[in-house]
Amino acid sequence: KQWYQRRVAITAGGTVKIWDFETIDGADVLEEDAHFPMEPMSDIFVGDGVNIVSMCKTVTESNNDTNSMWLAQDASGGIWKLDISVSLTKKAPEIIQSYHAGPIRGIAPCRYTHMVASIGADGTVRVFDYLTKRNLVTKKCKSGGSCITWPGRNVDSKMATLIGGFTDGVIRIMALDHAEPEAHEDFKIVLQHAFKPHKGEVTAMIIDDEGQVLVTGSADDCTLFFFDITSNYMPIGFIQLEAEVNTMSWSNSSKRVLVGLRTGVVLEVECPDPGTVDSSVTYEIQPGSLINRYEFKSIRYKIEKAAHEKIKMKQEDEQQKRLDKIKEDQGEEAFLEEKKQIDEENSKQEEMTFEAPAVPNEILKIFPLGDKFYLSLGGSDAGAIYECTFKDPLADMPVPGSMRGQWVRLKGEPLRLLELETDTTVHEITLMRDDSNVMLGMGDGTIRIHKKLEGDGL
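Quick caveat, the model's predicted, so the values are computed rather than measured.

What counts and what doesn't
Residues numbered from 1 in each chain as written. Predicted model: local features only at pLDDT ≥ 70, side-chain atom pairs only at ≥ 80, totals over all residues. Heavy atoms only, no water. Helix = DSSP H or I, 4+ residues; strand = E, 2+ residues; numbered from the N terminus. Expected span 1.5 Å × (residues − 1). Buried < 20%, exposed > 50% of the residue type's maximum accessible area, 1.4 Å probe, protein only. Contact = heavy atoms within 4.5 Å. Phe/Tyr/Trp six-rings, centres within 6.5 Å; stacked < 30°, edge-to-face > 60°. Salt bridge = Lys/Arg side-chain N within 4 Å of Asp/Glu carboxyl O. Pairing = 2+ DSSP bridges. Axes fitted to C-alpha atoms, helices over the stretch in contact; angles between N-to-C directions. Core = buried A, V, L, I, M, F, W, Y, C linked by side-chain atoms within 4.5 Å. pLDDT = per-residue confidence, 0-100.

### Regarding helix H2 (residues 300-330)
Here's step 1: Look at H2: 45 Å from first C-alpha to last across 31 residues, which is about the 45 Å you get at 1.5 Å a residue.
Here's step 2: Within H2 the residues assigned to the buried category are Arg300, Lys302, Ala306, Glu309, Gln319, Leu323 and Ile326.
Here's step 3: If you follow the buried residues of H2, they end up packed against helix H3 (332-348), strand S27 (384-388) and strand S28 (416-419).
Here's step 4: Directly after H2, the chain includes glycine 331, whose backbone phi takes a positive value near 100°.

### Thoughts on unusual backbone geometry
Here's step 1: One non-glycine residue, methionine 159, adopts positive backbone phi at about 55°.
Here's step 2: Assignment of secondary structure puts methionine 159 in the loop between strand S13 (145-149) and strand S14 (161-166).
Here's step 3: Overall, methionine 159 belongs to the buried group, its relative accessible area being 8%.
Here's step 4: Although it is not a glycine, asparagine 232 adopts a positive phi angle of roughly 60°.
Here's step 5: Structurally, the position occupied by asparagine 232 is in the loop between strand S19 (223-228) and strand S20 (234-240).

### Quick word on the packing of aromatic side chains
Here's step 1: A complete count under the given rule lists 8 aromatic pairs for this structure.
Here's step 2: Measuring from ring centre to ring centre gives 5.5 Å for phenylalanine 225 and phenylalanine 238, while their planes differ by 35°; the resulting arrangement is tilted. Of this pair, phenylalanine 225 sits in strand S19 while phenylalanine 238 sits in strand S20; the two residues are 13 residues apart in sequence, bridging distant segments of the chain.
Here's step 3: Their ring planes at 45° and their centres at 4.8 Å tell us that phenylalanine 373 and phenylalanine 390 sit as a pair that is tilted.

### Digging into the pattern of salt bridges
Here's step 1: All told, the structure shown has 17 salt bridges when counted by the stated rule.
Here's step 2: Among the salt bridges present, the one from arginine 105 reaches glutamate 201, with a minimum N-O distance of 2.6 Å. A residue pair is termed long-range when its members are at least 10 positions apart, and arginine 105 in strand S9 (residues 104-109) and glutamate 201 in the loop between strand S16 (187-195) and strand S17 (202-207) qualify at 96 residues.
Here's step 3: In this structure, glutamate 428 and lysine 365 form a salt bridge, with 3.3 Å as the shortest nitrogen-oxygen distance. Of the two residues, glutamate 428 is situated in strand S29 (residues 426-431) and lysine 365 in strand S25 (residues 363-369); the sequence distance between them amounts to 63 residues.
Here's step 4: Residue class for lysine 365 comes out buried when judged on its relative accessible area of 15%.
Here's step 5: Within this structure, Glu242, Arg293 and Glu295 form a network of salt bridges that share partners.

### Examining the sheet that holds strand S18 (residues 213-218)
Here's step 1: The antiparallel open sheet is built from 4 strands, whose spatial order is S17-S18-S19-S20. What marks the edges here is a single partner per strand, and that holds for S17 and S20. The average undirected angle you get between the axes of adjacent strands in this sheet is 20°.
Here's step 2: Pairing of S18 with S19, which is carried by 6 bridges, proceeds in the antiparallel orientation. Note on S19: the bridge partner recorded for leucine 214 is phenylalanine 227.

### Remarks on the nonpolar core
Here's step 1: In this structure, Val215, Leu224, Phe226, Met248 and Val259 are the most contacted members of the largest nonpolar core, which totals 21 residues.
Here's step 2: Only S17, S18, S19, S20, strand S21 (245-250), strand S22 (256-261) and strand S23 (265-270) provide two or more residues apiece to this core.
Here's step 3: Ignoring sequence-local partners within four residues, the contact set of valine 259 consists of Leu224, Leu241, Val245, Thr247, Met248, Val265, Val266, Leu267, Val269 and Ile366.
Here's step 4: Counting residues in hydrophobic clusters, the runner-up holds 19 residues, among them Ala117, Val125, Val127 and Trp150.

### Focus: the confidence of the model for the chain
Here's step 1: Chain-level statistics for the chain give a pLDDT mean of 86 and a share of 90% at 70 or above.
Here's step 2: Averaged pLDDT values for the elements of the chain fall to 46 in strand S1 (residues 2-4) and rise to 97 in S14.
Here's step 3: Under a pLDDT of 50 for its full length, residues 1-5 has, in the predicted model, 20 contacts with residues more than four places off or in other chains.

### A word on the sheet that holds strand S7 (residues 78-83)
Neighbouring strands of a sheet are bound in pairs by backbone hydrogen bonds; such pairs are parallel or else antiparallel.
Here's step 1: Strand order across the open sheet formed by 4 strands is S5-S6-S7-S8, with antiparallel pairing between neighbours. Looking at which strands have only one partner, the edges of the open sheet turn out to be strand S5 (52-57) and strand S8 (94-98). Neighbour-to-neighbour, the strand axes of this sheet turn through a mean angle of 25°, independent of strand direction.
Here's step 2: Summarising the sheet, S7 and S8 pair through 4 bridges and their orientation is antiparallel.

Take a look at the structure:
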């Protein structure tokens, strides 16, 4: 409830009702009757789909009681300006800010303009001008959004196509167009084509460098689906994978797709050429497209164990030096007394355990570079980037014995770890145009820029 002079404004969905407080306060109600029927002085219909959850009075220079303008928060994504005065000249509701209601699931910048498209869990697709900080257009879809891409000129010479993936498995091909002169927005988003290749949420989408093939992946049905863009997104076929798809990237060859699974596995899959797949019976592509498979083996716990052992070894070395000096200066009896005290202190210290995660951590991002690829993961493997390769230079070898304070890389493990000195997840890895810096998008909302190492690696 919100107070305004002698009135109470009560919101119900997209309607704000105005009541006279004096009538409520002076209501003559019998003690045994808790109900007092009355009509509101007026009501304001804000809009369809609006869900007003909070209101506050605007502040003016005079800040007097005649100010009837209020701000209302819309849970569907917006801030409204409302005139709650009871008069024939009151102003119509005005939306002064529009935004996603809930998480933003994906963004896609236009390569040649200062616009960016976003898709939200609320099912809206929005296009922003980030120079003027304006929301240019909004389109509401039936299901929640999960990912979006803005193809380049190799797909659409006008750069007006948007492709959105949704939680119900639907892919929507949309076009950005100029709105009619009488419209409130400068642009409109027109649905051109929609199809449903997946049973559940579309988790990733990529387009090849030539703009000929669209690849989509889903965590619900564990499939990759290929579409021929040049033939109005005709389906080429799909591949059934071993686990949920989390992320995708093109390999250094535009005919191969790197797929990161939630089980910590990276697959390299051959992209089929349009027209080469027999889809007369089924769109499922028979096994044979899988080229390489890499199963991530965590090394973070081994590195942490080696670092802990080094500290412990240094502590033990200092203790031994102190004991030797006491024995030399004060004799055997003082030596034994000090040794007993040190042993008691050491026995009270809890022994730390370092083990590989029982369940593999999910792969969040794949970044190919040269003959290697770089991974970021969640869980206990977060806070670092791992350099990996399908062609491990190490030959098969037995596990070496324990080497205190050191760790030995085994076949199949990452070639090296790029420590970021944080436990925050990395969701985006981009090599900047100067090829000397790497930009990272972090799970806590920060963007970090790191100097690229010399040579072929990150």
